[in-house]
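This is what each chain is made of:
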Amino acid sequence: MTTFSANLSHLANSAANKAMPYPGKLVEIASLEKSRAAFDEISQWPGYQATPLYPLDSIARRIGVRGIFYKDESQRFHLKSFKALGGAFAVARQLKNRILQETGETASIDDLLDKRFQSLVEKIVISCATDGNHGRSVAWGCQLFGCGCVIYIHRDVSVGREQAMEAFGAEVIRIDGNYDASVKQADSDAEIHGRIIVSDTSYAGYMDIPRDVAIGYTVMLAEAVEQMQGAIPTHVFIQAGVGGLAASVCAYFWELWGDRRPRFIVVEPEQANCLQQSAASGKPVAVKGDLETLMAGLSCGEVSLLAWEILEPGADDFMTLSEDAVAPCMRLLASNDPAIEAGESAVAGLAAAIASREDPEMAAKLGLDESSLIFVIGTEGATDPELYQQLVTS
Ligand SMILES: Cc1ncc(COP(=O)(O)O)c(C=O)c1O
């Protein structure tokens, strides 16, 4: 009997090149050197602690693989998602840039934390549009470093998520439209009021800030590599929205392990599979439709261009996962020993790995068998506590 029911779709990436060393042109976007610098900085933030890496032994035995490593980001900096690492890191970078421009001085992270340039920093206002986790990170970073913050949310963002950002001192503006409308409003208001937009997705002409966001994410990979104590997974299943997270994981493991790197599998919701559709078309394409999915953090219709640069040659497979697998996988983790809190977007990678192993045809396509060692990231905890309770107790 299978662990839960799920529909999977699969596209082998015809542009992938396993033998190719990490390309020099990607070093500009992501590199181990940039990641080390981010680690040195983020590990000095107050409250920094490595998050746990759990071996899911009983699930591994049940599905017949050598092991599963689950990097649990549910408590990262008490913000409840890996996103805590990215937005706040990019905020710090922007503040340092502005300090350099205006004073000629190079500020350190201690200078920012000690508020050494406070009279300048407090006049800077950072802004973004968000449907939750990224905005929480930006708001928290602004509070930590002492600048202003205005966050735009759309009509469907839950009140709980809105309040979480307000609790970090951000002004939160709810607009009567969808996510794209909130992005447009944030951009045009930033232009009028001279605010800096810190977004987690890149597009032509807007690359540097989302690159910093993605480099911040790699702190969890440095921790995970150390926690795996020399083991190299054979398969990595990573969930994607715009692809920023997947690209950072792909680049990090590619440069670190070269041709010994794991098979890299990107997982998206069925209705929001912009990476899979882009891979099928050989270029970035936007997904039409309402992008409806329980996995709110993955509900994205357009790929981040920087992420695409990395995933086009670096990802081996693009999969989609159906909605019916989400709640059962959350419950599976909640009843694990130790219990793991995993939100809706957290479980996509693990659910796809389990469902793939239990589907003989898919397992054969992905080379999943009893010798496989799987790495996944539980990217969030109960970021919407009401919905979490509903789904784990349903
Ligand atoms: C919990 C969670 N997991 C995964 C992702 C996907 O990240 P990306 O949009 O960089 O692909 C997000 C994005 O917001 C998220 O909030």
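Quick caveat, the model's predicted, so the values are computed rather than measured.

Student: Can you walk me through the overall build of the chain in this structure?
Tutor: Looking only at helices and strands, the chain features 18 helices and 11 strands. Relative to the 2.2 N^0.38 estimate, which gives 21 Å for 394 residues, the radius of gyration of the chain is 20 Å and therefore close to what a compact globule would have. The principal-axis extent of the C-alpha atoms belonging to the chain is close to 60 × 45 × 40 Å. Within the span of the chain, comprising 394 residues, buried residues form 52% of the whole.

Student: Could you clarify how one ought to interpret the site of the ligand in this entry?
Tutor: With respect to spatial proximity, 20 residues lie near the ligand, and among them Gly 241, Gly 244, Gly 297, Thr 379 and Glu 380 are the closest. Counting only elements with at least two residues in the shell around the ligand, the list comes to helix H7 (133–145) and helix H12 (244–257). Take the shell around the ligand: its biggest share by element is three residues, from H12. Classifying every residue of the shell around the ligand gives seven nonpolar, 10 polar and three charged.

Student: Before we go on, may I ask you to explain the domain arrangement of the chain in this structure?
Tutor: Interfaces are often sized by the accessible area lost when the parts come together. The domain boundaries assigned to the chain delineate domain 1 (8–82 + 217–393) and domain 2 (84–199). With centres defined by C-alpha atoms, the gap from domain 1 to domain 2 works out at 26 Å. Counting from both sides, the interface comprises 20 residues of domain 1 and, opposite them, 15 residues of domain 2. With three residues, the top contributor of residues to the side of domain 1 that touches domain 2 is helix H2 (residues 32–42). Here the residues of the side of domain 1 that touches domain 2 are counted per class, giving 11 nonpolar, four polar and five charged.

Student: Looking at this structure, how should I read the environment of Cys 300?
Tutor: Assignment of secondary structure puts Cys 300 in the loop between helix H13 (274–281) and helix H14 (305–314). Residue class for Cys 300 comes out buried when judged on the 26 C-beta atoms lying within 10 Å of it. Taking the C-alpha atoms as reference, Cys 300 lies 9.4 Å from Glu 268; in sequence the two are 32 residues apart.

Student: Would you take a moment to explain the nonpolar core for this structure?
Tutor: Core analysis: the largest hydrophobic core is formed by 130 residues, its most contacted members being Ile 151, Cys 250, Val 266 and Ala 351. Split by domain, this core shows at least three residues from each of two domains, domain 1 (8–82 + 217–393) and domain 2 (84–199). Not counting residues up to four positions away in its chain, the partners in contact with Ile 151 are Cys 128, Thr 130, Gly 135, Val 138, Ala 139, Met 165, Ala 170 and Val 172.

Student: Hey, could you run me through H7 in this one?
Tutor: Helical periodicity: at 3.6 residues per turn, an α-helix aligns residues three or four positions apart in one direction. Over its 13 residues, H7 runs 19 Å from end to end, which matches the ideal 18 Å to within 8%, given 1.5 Å per residue. Counting buried positions along H7 gives 11 out of 13 residues, so the element sits mostly inside the fold. Gly 146 sits one or two residues past H7 and shows a positive phi near 85°.

Student: Even after reading the chapter, I still don't get the sheet that holds strand E10 (residues 317–321), so can you show me in this structure?
Tutor: Whenever strands of a sheet pair, they do so through backbone hydrogen bonds, lying parallel or antiparallel. The seven strands are arranged E1-E10-E9-E8-E11-E3-E2 in an open sheet whose pairing can be described as mixed. The open sheet has two edge strands with one neighbour each: strand E1 (8–12) and strand E2 (53–55). Taking each pair of neighbouring strands and ignoring which way they run, the sheet shows an average axis angle of 20°. In this sheet, strand E11 (residues 373–378) lies alongside strand E3 (residues 67–72) in parallel orientation, the contact comprising six bridges. What sits directly across from Ile 68, in E11, is Ile 374. Contacting E1, strand E9 (263–269) and E10, H13 runs over the sheet at an angle of about 140° to E10.

What counts, and where the lines are drawn
Residues numbered from 1 in each chain as written. Predicted model: local features only at pLDDT ≥ 70, side-chain atom pairs only at ≥ 80, totals over all residues. Helix = DSSP H or I, 4+ residues; strand = E, 2+ residues; numbered from the N terminus. Rg over C-alpha atoms; globule rule 2.2 N^0.38 Å. Buried ≥ 20, exposed ≤ 12 C-beta atoms within 10 Å, placed from the backbone. Near = placed C-beta within 6 Å. Nonpolar A, V, L, I, M, F, W, Y, C, P; charged D, E, K, R; others polar. Domains from an automatic or database assignment. Contact = placed C-beta atoms within 7 Å. Core = buried A, V, L, I, M, F, W, Y, C linked by C-beta atoms within 7 Å. Expected span 1.5 Å × (residues − 1). Pairing = 2+ DSSP bridges. Axes fitted to C-alpha atoms, helices over the stretch in contact; angles between N-to-C directions.

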